Amino acid sequence: MLKLTPATKVLVLTGAGISAESGIRTFRDSGGLWENNRVEEVATPEAFSSNPIKVWEFYRQRYEDSISRKPNPAHFALVKLEHFLGDNFLLVTQNVDCLHLKAGSKRVLEMHGSLATCICTHCHSKLAIKDIDLTKYIPTCPFCNGVLRPDIVWFGEIPHYLSLIDDALRNCSIFLIVGTSGVVYPAAGFVLTAKLMGAKTIAINLEKPDNLSYIDEFYQGKSGEILPELVDKWING
Ligand code: OAD
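Remember, predicted model here, so these are calculated numbers, not experimental data. (Residues numbered from 1 in each chain as written. Predicted model: local features only at pLDDT ≥ 70, side-chain atom pairs only at ≥ 80, totals over all residues. Heavy atoms only, no water.)

With that settled, the discussion passes to unusual backbone geometry. The amide bond that connects Y185 to the next residue, P186, takes the cis arrangement and shows omega of 10°. With respect to the helices and strands, P186 occurs in the loop between strand 7 (174-178) and helix 9 (190-196). Even without being glycine, N145 reaches a positive phi, approximately 70°. Along the chain, N145 turns up in the loop between strand 5 (126-128) and strand 6 (148-152). (Helix = DSSP H or I, 4+ residues; strand = E, 2+ residues; numbered from the N terminus.)

Printed below as a string of structure tokens:
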């Protein structure tokens, strides 16, 4: 059994599955967001150009749904791991639901953006959604009246923090993946870099992820049940 010390460098990647037990729908499971919505109609820059009202409606609903959602034991287990490791811990999330921050995680990179903020397409100001008038079909910037867009990395756009993430992948000893199907790149390819650079790769997921062949240790099941127990064992032995 793995035993961590405070000097072990651990990089964590999370996806929608970690928030499933908080009641947030994943993308690709049955009843998931992509079963009911066409990606190219709500999650691409082209969709926003051609139908901003529809795109805003999709993200407005997701934002409103996310407000009442609470972190689950898997999010809190990662907070515990971060307390133990300090600066040797880094959490990269593909999730935009803010649940890691709500749980108390501090060293978090939201590589696909956040539902809690939006960006002015004209003056590029970043604004908290809670301060924006969301009753307008297309919300506008309070500074320049430009069109606001959700602060989400859409398909065809480049995720945030890739250079920082690449450094962390090359320097971690443990790469832990939680709740992601392993189909969306570049995140799905992170495991290969970590493994080639000598990290031990561990994954927890309800179903086998697509990149399973690069995983050294796979735990199949719900992260809210598996992760708290694993973190306790890794820290306390
Ligand atoms: P997916 O919906 O593709 O995958 C979620 C994974 O979580 C699935 O493999 C499930 O088996 C697993 N899962 C479900 N419930 C779980 C639980 N309780 N515990 C553990 N695992 C569970 O979501 P992501 O992999 O996060 O991007 O998707 C990656 C990206 O694709 C998203 O960030 C989003 C999406 O399109 C953008 O919107 C840009």
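Past the structure itself, the notes keep going.
All right, on to the sheet that holds strand 7 then. Spatial strand order, 3-2-1-7-8-9: 6 strands in an open sheet with parallel pairing. With one partner strand each, in any of the chains shown, strand 3 (108-110) and strand 9 (217-220) form the two edges of the open sheet. The average undirected angle you get between the axes of adjacent strands in this sheet is 15°. The pairing of strand 1 (residues 10-14) with strand 2 (residues 89-93) spans 5 bridges and is parallel. Paired with T14 across the strands is T93, a residue of strand 2. The strands touched by helix 6 (residues 73-85) within the sheet are strand 1, strand 2 and strand 7, with strand 2 carrying the most contacts at an inclination of about 150°. (Pairing = 2+ DSSP bridges. Axes fitted to C-alpha atoms, helices over the stretch in contact; angles between N-to-C directions. Contact = heavy atoms within 4.5 Å.)

We now examine a nonpolar patch on the surface. On the surface, a cluster of nonpolar side chains totalling about 380 Å² of accessible area is made up of L192, L196, M197 and Y214. As for its placement among the helices and strands, Y214 is situated in the loop between strand 8 (200-205) and strand 9. Note on Y214: relative accessible area 33%, which makes it partly exposed. (Patch = residues over 30% accessible without salt bridge, like charges linked within 9 Å, V, L, I, M, F, W, Y side chains within 5 Å. Areas by Shrake-Rupley, 256 points an atom, 1.4 Å probe, with all protein chains shown as cover. Salt bridge = Lys/Arg side-chain N within 4 Å of Asp/Glu carboxyl O. Buried < 20%, exposed > 50% of the residue type's maximum accessible area, 1.4 Å probe, protein only.)

Attention now goes to the state of the cysteines. Overall, the coordinates contain 0 disulfides when judged by the stated rule. Not engaged in a disulfide, the cysteine C98 finds its nearest cysteine sulfur in C118; these two sulfurs lie 12 Å apart. (Disulfide = S-S within 2.5 Å.)

Attention now moves to the pattern of salt bridges. Throughout the structure, instances matching the rule amount to 15 salt bridges. Between K130 and D131 there is a salt bridge, with the nearest N and O atoms lying 3.6 Å from each other. For K130, a relative accessible area of 66% corresponds to the exposed category. Here D216 ties to K195 by a salt bridge, and the two come within 2.5 Å at their closest N and O atoms. Taken together, the residues D216 in the loop between strand 8 and strand 9 and K195 in helix 9 connect sequence positions 21 residues apart. Taking relative accessible area as the criterion, K195 reaches 31% and is therefore assigned partly exposed. In this structure, a network of salt bridges that share partners links the residues R38, E40, E41 and K54.

Another aspect to go through is the packing of aromatic side chains. Under the defined criterion, the tally for this structure stands at 6 aromatic pairs. With a centroid separation of 4.9 Å and an interplanar angle of 85°, the aromatic rings of F58 and Y59 are classed as edge-to-face. Comparing F58 with Y59 shows no difference in burial state: the two are buried. Look at Y59 and W154: their rings are 6.2 Å apart centre to centre, the planes differ by 45°, and that puts the pair in the tilted class. Taken as a pair, Y59 in helix 5 (residues 52-67) and W154 in the loop between strand 6 and helix 8 (162-171) lie far apart in primary sequence, 95 residues in all. The ring centre of W154 lies 4.0 Å from the NZ or CZ of R149, which sits over that ring. (Phe/Tyr/Trp six-rings, centres within 6.5 Å; stacked < 30°, edge-to-face > 60°. Lys NZ or Arg CZ within 6 Å of the ring centre and 35° of its normal.)

Turning our attention to the side chain of S114. In this structure, S114 sits in strand 4 (residues 113-120). A polar atom in the side chain of S114 sits 3.0 Å from the backbone nitrogen of A116. If near-sequence neighbours (up to four positions away) are discounted, S114 is found in contact with V96, C98, D151 and I152. (Polar contact = N/O pair within 3.5 Å; in protein donor to acceptor, adjacent residues only side chain to side chain.)

Taken together, 24 residues sit near the ligand, with A16, E21, R28, T180 and S181 positioned nearest. Taking H112, its side chain carries an N or O atom lying 2.8 Å from an oxygen atom of the ligand. Note that an oxygen atom of the ligand is positioned 3.5 Å from one of the backbone N or O atoms of G179. Taken by itself the ligand offers 800 Å² of open surface, and the protein chains cover 96% of this. The residue inventory of the shell around the ligand, partitioned by class, reads 8 nonpolar, 11 polar and 5 charged. (Near = heavy atom within 4 Å. Nonpolar A, V, L, I, M, F, W, Y, C, P; charged D, E, K, R; others polar.)

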